[in-house]
Amino acid sequence: MNLPRAGAPWAYLLFGTALAAAVIAPVRAAGISTDPAFDRANAVKHVRLGPAQTQPISYKEFRCSYFTGIMVKEWDEREIGDKEISYVLAPEAAKPACQKAILPGEHKLPISNLIVYFLGYAAGAIFLGDADGANDTIGFYVFDPKTGRQRFTDTIKLESKFAGISADGDTLRLGYTRAVTGSCSVVTEGADCWTKIAQQAGFSGPSPDCAAGYREAGQKFADEVCRTQGGDTKKCLADQLTRRADWDKTPSVIAFDVKTAIGPGDSVTITLAGGPALCWPSD
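First, a word on what this report is: a plain description of the structure on this page. Only a predicted model underlies this, so the values are computations on that prediction, with no experimental measurement involved. (Residues numbered from 1 in each chain as written. Predicted model: local features only at pLDDT ≥ 70, side-chain atom pairs only at ≥ 80, totals over all residues. Heavy atoms only, no water.)

**Let's talk about the pattern of salt bridges**
The condition that has to hold: Just to be clear on terms, a salt bridge is a Lys or Arg side-chain nitrogen sitting within 4 Å of an Asp or Glu carboxyl oxygen. Burial status follows relative accessibility: with a 1.4 Å probe on protein chains alone, a residue under 20% of its type maximum counts as buried, one over 50% as exposed, and anything between as partly exposed. Comment: elements are numbered from the N terminus, with helices defined as DSSP H or I runs of at least four residues and strands as E runs of at least two.
Inspection of every chain in the model, using the stated rule, returns 14 salt bridges. Note that R63 is salt-bridged to E61, the shortest N-O span being 2.4 Å. Both residues of the pair, R63 and E61, belong to the buried class. Across the salt bridge formed by R63 and E74, the nearest N and O atoms sit 3.1 Å from each other. Taken together, the positions of R63 in strand β2 (residues 59–67) and E74 in strand β3 (residues 70–76) put the pair eleven residues apart, joining distant regions of the chain. The class for R63 is buried, based on a relative accessible area of 6%. On the accessibility criterion, E74 (2% relative accessible area) is buried.

**A word on the sheet that holds β3**
Rules: In short, DSSP must find at least two bridges between two strands for them to pair. Inter-axis angles, ranging from 0 to 180 degrees, are taken between N-to-C directions of lines fitted to C-alpha atoms, where helices are fitted over the stretch in contact.
Sheet architecture is open: five strands sit in the order β1-β2-β3-β4-β5, paired in antiparallel fashion. The strands lining the two open edges of the sheet, one partner per strand, are β1 (43–51) and β5 (106–108). Neighbouring strand axes in the sheet, compared pairwise and without regard to direction, differ in orientation by 20° on average. In this sheet, β2 lies alongside β1 in antiparallel orientation, the contact comprising eight bridges. What sits directly across from K45, in β2, is C64.

Laid out in structure tokens, this is it:
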């Protein structure tokens, strides 16, 4: 099946508003930034530029990751997302300088409309990830360094890992847990809602137990809140679960394992990799 990316731009769950970024040190994209499916950098160099307006104190920097045949450079102002991400293709023995000045052969990735960080490099492709996620999902982007072109984008379950990244000639193959936010609640609207979300996501397997997924999400949220607040835990849990009662009405998120092939001409084929789907409430 050929499927476009599903979902919408992600909210800043950890920050609330852009104003918060001025006083709170940003957090790098969570979940897949240390994925073992990516190549391990031969070296990473940091060039400090000066203090950022954050608390606790942090420093602006250029961060250069060296892989065999390529260097990826991030300009990190300690805001939400990198200011710029560029790369230099280089012979295996070369090690381009990590500097602010543009290097010979340096190419900037077209990320002006994205809020992203560099995730990793694998199978000859550069991977970027959204600076933050929403609904326990996060977006990722795949770029071809030979052309600088974005080849693919999709959403992955937050804190999950790629099952595999490989190249087969001109075809890039990815395995991951695809996560899609629907427009209705399976818990309150039943089979009609499930059919709609399954069609949107390209999922043909059986419907997951969304009611159980919603209960688990509500309990986990209440546990985290009450652990932070302290005091009468039993009363806190009861209060928090009561407040979460309306979550049954929020749109459902589903996730399932896929294998994606990005072929010549950037044709995309997404197939199910087996296993049950997961379901939980959107934020």
